[in-house]
Amino acid sequence: MKEKHNDVYDTVKYFFPIVGEIANYNLKLFGSDLLAAVTVTMVIIPQAIAYSSLAGVNPINALLSAVYPIFIYAIFGSSKQLSVGPEALSSVLVGIAVSEVSRDTGLDQTYLASTLALIVGLFTMILAFLRAGFIDNILSGYLLTGFVTGVAILIITEQLPGLLGISYTPPVGEVSTLNKLILTGNKFYTANIPTVIVGLTNVVFLIAIQRIKKHFSPRWKFGGKYLRVLPEVFILVVIMISISAGIDLKNNFKIKILGVIDNFLIPPSAPPFNGDLIQRLLEPAIIIVIVGYIESQTVTRNFGLKNNYFPSGDRELFALGASNLVGSFFGTYVTFGSLPRSRILANAGSKTTIAGILISILVLCSILGLGPVLAFLPKPTLAAIVFVAAYNLIEWGEIFFVFKLQGWVEIFFMVSTFVITFVAPISYGIILCIIFASLIIVRHSTHLDMIILGRVPLSGRNFKFDASSLNDSTITETPSIISYRYVNIKEHPEAIIYDNLLIVGIDSPLLFYNAGSFRRSLETLLLTEKILIYKQNNSTNCLGSVGSESDVPDHSVLNVDSKSTDCVTVSELIKEAAEHGVKPTTVHDEAEDPTLNSTKTFENSISKKYAIVISFKYCTDIDSAAAHILRSIVRSFLKHNTRICLTNLHRYHRKIFENAGIIQLIGSNNVFNLLDDAVSDALGEVVPSSDEEKIETN
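Residues numbered from 1 in each chain as written. Predicted model: local features only at pLDDT ≥ 70, side-chain atom pairs only at ≥ 80, totals over all residues. Heavy atoms only, no water.

1. A look at the sheet that holds strand 11 (residues 642-647)
In step 1: Spatially, 6-3-7-10-11-12 is the arrangement adopted by the six strands of the open sheet, whose pairing is mixed. One side of each edge strand has no neighbouring strand; the edge strands of this open sheet are strand 6 (484-488) and strand 12 (671-672).
In step 2: Sheet analysis places strand 3 (residues 450-457) next to strand 6, joined by five bridges and oriented antiparallel. Note that in strand 6 the partner of leucine 453 across the bridge is asparagine 488.
In step 3: Along the sheet, helix 26 (residues 624-639) contacts strand 10 (610-615) and strand 11; its crossing angle with strand 11, the most-contacted strand, is approximately 140°. (Pairing = 2+ DSSP bridges. Helix = DSSP H or I, 4+ residues; strand = E, 2+ residues; numbered from the N terminus. Contact = heavy atoms within 4.5 Å. Axes fitted to C-alpha atoms, helices over the stretch in contact; angles between N-to-C directions.)

Listed below in structure tokens is the structure:
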């Protein structure tokens, strides 16, 4: 009975992580969570009001977005330091989406923002049920850095009119950041000087406090922990409200203030939801989910590692989806985790997710009691808060780091995404991000790792290998004496290669999506080795006298592994081969197998017999499509008097090859348990190079 009770408790705790938090809760944890909650509350209230302009919703809806979603996440979420609520990046994406739909349908943007939150919540929960927590890896890295930087510049540009007091009518429709910047610049002469002073002073104040906290908190032994949690946004709001109320900034200096805000609770009701709205809002919802979840999961992983807990990506998807879904019925808009607020929450000492419940209660009390006070808040102060938040989105460290490393591919992707996001509507930037990410994933998935192996004599005594130690009933060979080891000739220039024998190692799975590259990789390796051998034996420009230490071929233009197709094209290899008199012969018979493209390999103009030994030691998987292509390749080589030997076959390799007829095609005598046995047998019937030279590789 006790075991059954424990099983029920574990199940409840799995679906509601807060149950486990409550079971172990005490006054000490409550004190830490309460301090963290008070600190974050002082930050999230002015942030929510400021972000309402980005999302195109009323301030009360943004404030409620700091109540209900946080409460729901605390019940279902497992990250103790993730601060859910209104956030700059998702707010601007929401604003762009709902403004366009509102213009076409005539519906209020606030209602549409709640509809978007409903769709985001449903879609996120569907992803959770599909166990798609891995999607945070799709846009990770410098692609996301470029996109977020572009969004940050857009947010900064949109805050310039409020920051400088410019008379500005926002353009209709989705307009690029560049166009908005030009339109703002054309109206710069309308700036209000007092507003400029207030706005820029506020920006300088926020950035200065952040720099002081970052610089001095680690060095200040006694007061560092208090300096880290200093709520500069709250301090600025208190100061500016006091100044605004004291000297009447609105009437005396023509500085706009927030004004009276609705501080009533919106009764629960379903947001507008129909097929037309789903069709219009589904695409931006998917984009917001991907971007918001990636940012949230980045925070969750980082703080989880620091605090020794490991939240599940699927659970986080469900918790974030539930918070948006439930919140949409109370007038909230899309919310995800905020990295800056999460840092404040962690530094303030949050220990459990109950801190989120305390935050939602404190924000709710503030909404009901502070409405008249917030009315005096200057709008340039709100613009300054958003301006600095957007500035903090830019990952200067990552940008400088990739340029320092000269990672030109990453720089290209990052800069391309940023430029498109800057000069075109923001939706183009995220689409380009997804396209680039898809290309990168496909490229790496379809790549096949193949290497040329060379032979290195073992120093000292030989090693005796007992086949029975493999515990495989299909192996019946007697113990062998291993006299050589086989290494990648790119990494070991001392390795020996032979002019009529190619030893290849496959170091990745051989599946349907990369089987096509197996043909190309093998052809390239064959050609590469033949050019090296030909240079080794015949080139007077690259070699000294035979047998001397200068017998090192110059093949700096060649990359002697399967990745050479990325650096050296086949046409370049053909040209290189022609310069040395190496003639091509067709190895694939298109008449026999019309599905195969006409491909070329190269044989030495003197030698007539050739052998290829393929090691499958590090090939972890093979499917039927790859086996079919491999059989066609083997048949083609056999027709051209080329012997194929297979070695280091795992049990499932052997079964697939037998069913595909590959072993019957090459003969069971050409299947070996050990690579050394295969090479020795091949060299017994193939005449090796007269001089076994050392090969210098790049």
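The structure having been displayed, the exposition proceeds.
2. Remarks on the packing of helix 3 (residues 27-55) against helix 19 (residues 379-393)
In step 1: Remark: helix 3 packs on helix 19, axes separated minimally by 9 Å, with the N-to-C direction vectors making an angle of 85°. By the angle between their axes, helix 3 is roughly perpendicular relative to helix 19. Residue-level contacts link Pro46, Gln47, Ile49, Ala50, Tyr51 and Leu54 of helix 3 to Leu382, Ile385, Val386 and Ala389 of helix 19.
In step 2: For the contact of helix 3 with helix 19, a count of residues per class yields nine nonpolar, one polar and no charged. (Parallel < 35°, antiparallel > 145°, perpendicular 65-115°, else oblique. Nonpolar A, V, L, I, M, F, W, Y, C, P; charged D, E, K, R; others polar.)

3. Description of the pairing of strand 7 (residues 501-506)
In step 1: Judged by how many residues are buried, strand 7 sits mostly within the fold: six of six residues are covered.
In step 2: Neither face of strand 7 is open: one carries Leu501, Ile503 and Gly505, the other Leu502, Val504 and Ile506, and all of them are buried.
In step 3: Where strand 3 and strand 7 come together, three bridges link them in antiparallel fashion. Each bridged residue has a counterpart across the sheet, and for isoleucine 451 the counterpart in strand 7 is glycine 505. (Buried < 20%, exposed > 50% of the residue type's maximum accessible area, 1.4 Å probe, protein only.)

4. A short note on the packing of helix 7 (residues 109-129) against helix 15 (residues 313-328)
In step 1: Where helix 7 contacts helix 15, the two axes come as close as 7 Å, and the packing angle between them is 155°. With respect to helix 15, the element helix 7 is oriented roughly antiparallel. The way helix 7 lies across helix 15 gives a crossing that is left-handed. Across the interface between the two elements, Ser114, Ala117, Leu118, Val120, Gly121, Leu122, Thr124, Met125, Leu127, Ala128 and Phe129 of helix 7 pack against Asp314, Leu317, Phe318, Gly321, Ala322, Asn324, Leu325 and Ser328 of helix 15.
In step 2: When the residues that make up the contact of helix 7 with helix 15 are grouped by side-chain class, the tally is twelve nonpolar, six polar and one charged. (Left-handed = near helix turned anticlockwise from the far one by under 90°.)

5. Looking at the pattern of salt bridges
In step 1: By the definition in use, this model includes eight salt bridges.
In step 2: Glutamate 232 is paired through a salt bridge with lysine 213; the nearest N and O atoms lie 2.9 Å apart. One end of the pair, glutamate 232, is in helix 12 (residues 232-247); the other, lysine 213, is in helix 10 (residues 193-216), with 19 residues separating them in the sequence.
In step 3: The class for glutamate 232 is buried, based on a relative accessible area of 7%.
In step 4: The network of salt bridges with common partners includes Asp104, Asp276 and Arg280. (Salt bridge = Lys/Arg side-chain N within 4 Å of Asp/Glu carboxyl O.)

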